[in-house]
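Structural overview
So you can see what is in the structure, the chains are spelled out below.
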Amino acid sequence: MSMISLDIIQTISLSVLVLLLGRSLVKKIHFLEKYSIPAPVVGGLIFALLALVLKQGNILEFEFDTTLQNVAMTMFFTSVGFSASFSVLKKGGIKVIIFLVAAVGLIILQNILGVSLAVLLGQNSLLGLATGSVPMTGGHGTAGAFGPLIAEAGVKGADTIAIAAATFGLVAGGLLGGPTANRLIRKYHLSPTKDPKNTVKNELIDETATTEEKRLIPGNFSTATFELLIAMGIGTIFSSIIQGWKITLPSYIGAMLAGAIIRNISDSTKKYDVPMTEIDILGGISLSLFLAMALMTLKLWELADLAIPMIVMLLGQVALVFLYTNFITFRMLGKDYDAAVLAAGHCGFGLGATPNGVANMEAVTANYGPSPTAFFVLPLVGAMFIDFCNSFIIVFFMNIL
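Residues numbered from 1 in each chain as written. Predicted model: local features only at pLDDT ≥ 70, side-chain atom pairs only at ≥ 80, totals over all residues. Heavy atoms only, no water.

1. Quick notes on unusual backbone geometry
Most peptide bonds take the trans configuration, and most residues that are not glycine carry a negative phi. Of note, H189 is a non-glycine position whose phi angle comes to about 50°, a positive value. Mapped onto the elements, H189 comes out in the loop between α9 (158-187) and α10 (202-208). (Helix = DSSP H or I, 4+ residues; strand = E, 2+ residues; numbered from the N terminus.)

2. Observations regarding helix α16 (residues 354-368)
Between its first and last C-alpha, α16 extends 21 Å over 15 residues, near the 21 Å set by a 1.5 Å rise per residue. Of the residues making up α16, those classed as buried are T354, N356, G357, V358, N360, M361, V364 and T365. Looking at the packing, one finds that the buried side of α16 touches α9, α15 (337-351) and α17 (372-384). (Expected span 1.5 Å × (residues − 1). Buried < 20%, exposed > 50% of the residue type's maximum accessible area, 1.4 Å probe, protein only. Contact = heavy atoms within 4.5 Å.)

3. Remarks on the confidence of the model for the protein chain
Averaged over all residues, the pLDDT of the protein chain equals 88, while 93% of them reach at least 70. Ranking the elements of the protein chain by mean pLDDT puts α10 last with 46 and helix α6 (residues 94-120) first with 96. Here residues 196-206 scores under 50 on pLDDT; set against residues more than four positions off or in separate chains, the count is 14 contacts. (pLDDT = per-residue confidence, 0-100.)

4. Brief notes about the packing of aromatic side chains
The geometry of an aromatic ring pair is captured by the separation of the ring centres together with the interplanar angle, meaning the angle of the planes. Following the criterion strictly, the structure yields ten aromatic pairs and no others. Ring geometry for F77 against Y252: centres 3.8 Å apart, planes inclined by 10°, an arrangement best described as stacked. In this pair, F77 is assigned in helix α4 (residues 67-82) and Y252 in the loop between α11 (218-243) and α12 (253-269), connecting sequence segments 175 residues apart. F77 sits in the buried class, given a relative accessible area of 0%. Where F99 meets F349, the ring centres are 5.7 Å apart and the plane angle is 45°; that geometry is what we call tilted. (Phe/Tyr/Trp six-rings, centres within 6.5 Å; stacked < 30°, edge-to-face > 60°.)

5. Digging into a nonpolar patch on the surface
Together, I94, I97, V101, L323, F327, I328 and M332 make up an exposed nonpolar region whose accessible area comes to about 580 Å². Elements with a minimum of two residues in the nonpolar patch: α6 and α14 (307-332). With four residues, α14 is the largest single contributor of residues to the nonpolar patch. Of note, L323 is situated in helix α14. Assessed through its relative accessible area of 45%, L323 is described here as partly exposed. (Patch = residues over 30% accessible without salt bridge, like charges linked within 9 Å, V, L, I, M, F, W, Y side chains within 5 Å. Areas by Shrake-Rupley, 256 points an atom, 1.4 Å probe, with all protein chains shown as cover. Salt bridge = Lys/Arg side-chain N within 4 Å of Asp/Glu carboxyl O.)

6. Focus on the packing of helix α8 (residues 139-152) against α9
Look at α8 against α9: their axes get within 7 Å of each other, and the N-to-C directions meet at 155°. Taken together, the axes of α8 and α9 are roughly antiparallel relative to one another. Crossing angle aside, the handedness with which α8 passes α9 is right-handed. Across the interface between the two elements, G139, H140, A143, G144, G147, P148, I150 and A151 from α8 touch A158, D159, A162, I163, A166, T167 and L170 from α9. For the contact of α8 with α9, the class distribution of residues is nine nonpolar, five polar and one charged. (Axes fitted to C-alpha atoms, helices over the stretch in contact; angles between N-to-C directions. Parallel < 35°, antiparallel > 145°, perpendicular 65-115°, else oblique. Left-handed = near helix turned anticlockwise from the far one by under 90°. Nonpolar A, V, L, I, M, F, W, Y, C, P; charged D, E, K, R; others polar.)

7. Quick notes on the pattern of salt bridges
Where charged atoms from two side chains of opposite charge come close, those side chains can pair. According to the stated counting rule, one finds three salt bridges in the structure shown. With its nearest N and O atoms 3.5 Å apart, the salt bridge here joins K95 to D336. Of this pair, K95 sits in helix α6 while D336 is found in the loop between α14 and α15, placing the two residues 241 residues apart along the sequence. For D336, a relative accessible area of 28% translates into the label partly exposed. For R263, the salt bridge goes to D267, with nearest N and O atoms at 3.3 Å. Of this pair, R263 and D267 both sit in helix α12, separated by four residues, roughly a single helical turn. The two residues R263 and D267 agree in class, both being buried.

Listed below in structure tokens is the structure:
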């Protein structure tokens, strides 16, 4: 069988082509667009399937230099660290804090369920994390980061399983949200509130608005790049210190912590600016490149022996999210219309990604009426805090198993 080896430049170049292929297909195929399947996931999986066919046919195998994959991953999660502003969390009000607590509770239960099912099915307990909050609440970014770490800990194919589970979660979360909200709204006869106070404060719109809604300042891109790189450098020191305590953690944790510290010092002292719009853009680019490389280098042939256990564990996660959003999220948030809309959002959010959760809420409010509170709370928690919390919970589980 022939072998093609790609160097660092060729690998990143191919990942861009894979990403562009995915973008083109997402625009053309309604199903992919409807369920918010990320473009790098689409393109990367197509390439991974091609690599599987070529390898199984004993025709060709690829070898990649994935050095820049780790750089892109670290830069993305550093941008996540910068988004963890505690002053914004306090401004967001009690519902933001309650939803964050509810989301953290789901993360813990996802990992407990995943580990328990893995043990019951006679698998390595760490496999449960690869189908728990790593791909579910974490999505493809966290799956791509922690999957290889779980594989290194002894679970063959964990990186592939985590990515496959994240893709399954995106579709399942999109399908589950609408029925969940419909059930709650009809059962409790809920309707949108007419309270004039049910609006989003102006100072918080800037924190949750999409990139398109914000004015870009060209000079801020250099500042954003330098701050990200400084945080990444400081993060290596943090990571070395933490690893000296014999704690297993992904390489980006230190950088994420450094980013959070730099952001919150800026918030409290006002001595320097943190251009979050530009940091978010750079983080998004890094995530796309990271995912494209992570997906196109998947070894799909490693899934064969774990197919049945993985299916059982994923169905268990769907059942958990349905029960949790109906009986925990909805009740914690007050059992009103906003709570029902957020329960639908939490289905997409807890099984896939924040955009999935928002898409669920848009579908519900198109039928039943607006919910400004829900559209403020979920993106704020999803964009600024949940990845931060999820990473540390996963590290905790990895170190006790």
